[in-house]
Amino acid sequence: MAGISRAIRACATASRRSLAAASAAALPKEAAAAEVRAAAAAGRKWREREDGRRVQWVFLGCPGVGKGTYASRLSQLLDVPHIATGDLVREALASPGPFSKQLAEIVNHGKLVSDEIIINLLSRRLEEGEEKGELGFILDGFPRTIRQAEILEGVTDIDLVINLKLREEALLAKCLGRRMCSQCGGNFNVASIDIEGENGEPRMYMPPLLPPPQCESKLITRADDIEEVVKERLRVYHDLSEPVEEFYKTRGKLLEFNLPGGIPESWPKLLQALNIEDPDNERSAAA
Ligand SMILES: Nc1ncnc2c1ncn2[C@@H]1O[C@H](COP(=O)(O)OP(=O)(O)O)[C@@H](O)[C@H]1O
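Residues numbered from 1 in each chain as written. Predicted model: local features only at pLDDT ≥ 70, side-chain atom pairs only at ≥ 80, totals over all residues. Heavy atoms only, no water.

Caption draft 1: Layout of the nonpolar core. Ranked by internal contacts, the top residues of the largest apolar core, which has 66 residues, are Ile8, Trp57, Leu74, Ile138, Ile162, Tyr248 and Leu274. The contacts of isoleucine 8, once residues within four sequence positions are left out, are Ile119, Leu122, Ser123, Leu126, Ile151, Leu152 and Val155. (Core = buried A, V, L, I, M, F, W, Y, C linked by side-chain atoms within 4.5 Å. Buried < 20%, exposed > 50% of the residue type's maximum accessible area, 1.4 Å probe, protein only. Contact = heavy atoms within 4.5 Å.)

Structure below.
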């Protein structure tokens, strides 16, 4: 993994030549999908690669779909860091100064920050990881534009891109129900989602993920999780980030996963789709 951070930075500032070269490596769509299926069917052991490097995965999906939750669980299981660019942005927002004011203006209106800013934040995070000896990663929230995807593709090998999908009706409620404990940093969700089955789709029930009593009085809501801003983020996702799904589909890296419900129902099915055995499946599904 050494050098990815520097390469990303260099690539972002350099001309777009290497980006075009990366796009030329696209596979035909059908071969691509078959390849992802074959990798999963072969029961590939994600933890063990001959070169010692660990997984380099990406999570895609609309705001509220649960990328953070599942990426974080998988990162623990696969022993790689979960790197969420949204968290990097929020850390930058929390530090005083004109830069954070400029960021807040963008983020709190549901817009994307510039590719340059996000690449700077991500390169810095990857550099720190390289110094600590990190051997892989699960990215969450990056890439979010075709340009970001081209830059990433030009500098390293992404093994797999998991595209989480959830019924549109549930997304807004999930974002509005999101809470974080200001003390321990735990993530919770107070929304109870119960969508009637219709048009051949089954009923969908997602129970709330409530905080333990010691966190109850310390819950905070993200400034960008208000209805107007969430709707704008969903719109921006459809416009700028959905094309990234297609980008990876044509390269044979996209695994689509429709979340069937809440964590207890979805987590074991996701592991199954990825051919990963959870040594402690029952306990972690209920947590
Ligand atoms: N890759 C990225 N490119 C541009 N902006 C980003 C990126 N990742 C995060 N951000 C900014 O941080 C905000 C929060 O990101 P995130 O926590 O991933 O939110 P979401 O719940 O919408 O997926 C985004 O709305 C955007 O302003």
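Caption draft 2: Representation of the pattern of salt bridges in the model. Inspection of every chain in the model, using the stated rule, returns 21 salt bridges. Among the ionic pairs, glutamate 153 bridges to lysine 253, the shortest N-O distance being 2.9 Å. With glutamate 153 in helix H8 (residues 146–155) and lysine 253 in the loop between helix H10 (227–249) and strand E10 (254–258), this residue pair connects regions lying 100 residues apart in the sequence. Put simply, Arg178, Arg222, Asp224, Asp225 and Arg233 are held in one network by salt bridges that share partners. (Salt bridge = Lys/Arg side-chain N within 4 Å of Asp/Glu carboxyl O. Helix = DSSP H or I, 4+ residues; strand = E, 2+ residues; numbered from the N terminus.)

Caption draft 3: A look at the sheet that holds E10. Spatial ordering of the open sheet is given by E2-E3-E1-E4-E10, a layout of five strands whose pairing is parallel. A single partner strand is all that each edge strand has here, and the edge strands are strand E2 (82–84) and E10. In this sheet, adjacent strand axes meet at a mean angle of 20 degrees when their direction is disregarded. Two strands pair when backbone bridges link them, and strand E4 (residues 160–165) and E10 are joined in this way by five bridges, in the parallel orientation. For leucine 164, the partnering residue across the bridge sits in E10 and is phenylalanine 257. Of the strands in this sheet, E2 and strand E3 (137–140) are in contact with helix H5 (residues 85–94), which crosses E2 at around 60 degrees. (Pairing = 2+ DSSP bridges. Axes fitted to C-alpha atoms, helices over the stretch in contact; angles between N-to-C directions.)

Caption draft 4: The arrangement of helix H7 (residues 115–132) in detail. For H7, with 18 residues, the first-to-last C-alpha span of 26 Å sits near the 26 Å given by 1.5 Å per residue. Buried within H7 are the following residues: Asp115, Ile117, Ile118, Ile119, Leu121, Leu122, Ser123, Arg125, Leu126, Gly129 and Glu130. (Expected span 1.5 Å × (residues − 1).)

Caption draft 5: How the structure looks around the packing of aromatic side chains. Counting across every chain of the model gives two aromatic pairs. The positively charged end of arginine 73 is found above the aromatic ring belonging to tryptophan 267, 5.3 Å away from the centroid. Arginine 251 extends its terminal NZ or CZ atom over the ring of phenylalanine 247, reaching a point 3.7 Å from the ring centre. (Phe/Tyr/Trp six-rings, centres within 6.5 Å; stacked < 30°, edge-to-face > 60°. Lys NZ or Arg CZ within 6 Å of the ring centre and 35° of its normal.)

Caption draft 6: Region of interest: the site of the ligand. Neighbouring residues of the ligand: 19 residues in total, closest Thr85, Arg90, Lys111, Gly141 and Arg233. Arginine 178 has a polar side-chain atom sitting 3.0 Å from an oxygen atom of the ligand. In this structure, arginine 222 approaches the ligand through a side-chain N or O atom, which is 3.2 Å from an oxygen atom. Protein contacts shield 96% of the accessible area of the ligand, which totals 550 Å² for the unbound molecule. Per-element accounting of the shell around the ligand gives the leading share, four residues, to H5. Tallied by class, the residues present in the shell around the ligand amount to seven nonpolar, four polar and eight charged. (Near = heavy atom within 4 Å. Polar contact = N/O pair within 3.5 Å; in protein donor to acceptor, adjacent residues only side chain to side chain. Areas by Shrake-Rupley, 256 points an atom, 1.4 Å probe, with all protein chains shown as cover. Nonpolar A, V, L, I, M, F, W, Y, C, P; charged D, E, K, R; others polar.)

Caption draft 7: Region of interest: the side chain of glutamate 134. By secondary structure assignment, the location of glutamate 134 is in the loop between H7 and E3. The exposure class assigned to glutamate 134 is buried, which follows from its relative accessible area of 17%. Engagement of the side chain of glutamate 134 in a polar contact is seen with the side chain of arginine 125, the distance being 3.1 Å.

Caption draft 8: Quick look at the packing of H5 against H7. Interaxial distance between H5 and H7 falls to 10 Å at its minimum, and their mutual angle equals 100 degrees. With respect to H7, the element H5 is oriented roughly perpendicular. Mapping the contact onto sequence places Thr85, Leu88, Val89 and Ala92 in H5 and Ile118, Leu121, Leu122 and Arg125 in H7. For the contact of H5 with H7, the class distribution of residues is six nonpolar, one polar and one charged. (Parallel < 35°, antiparallel > 145°, perpendicular 65-115°, else oblique.)

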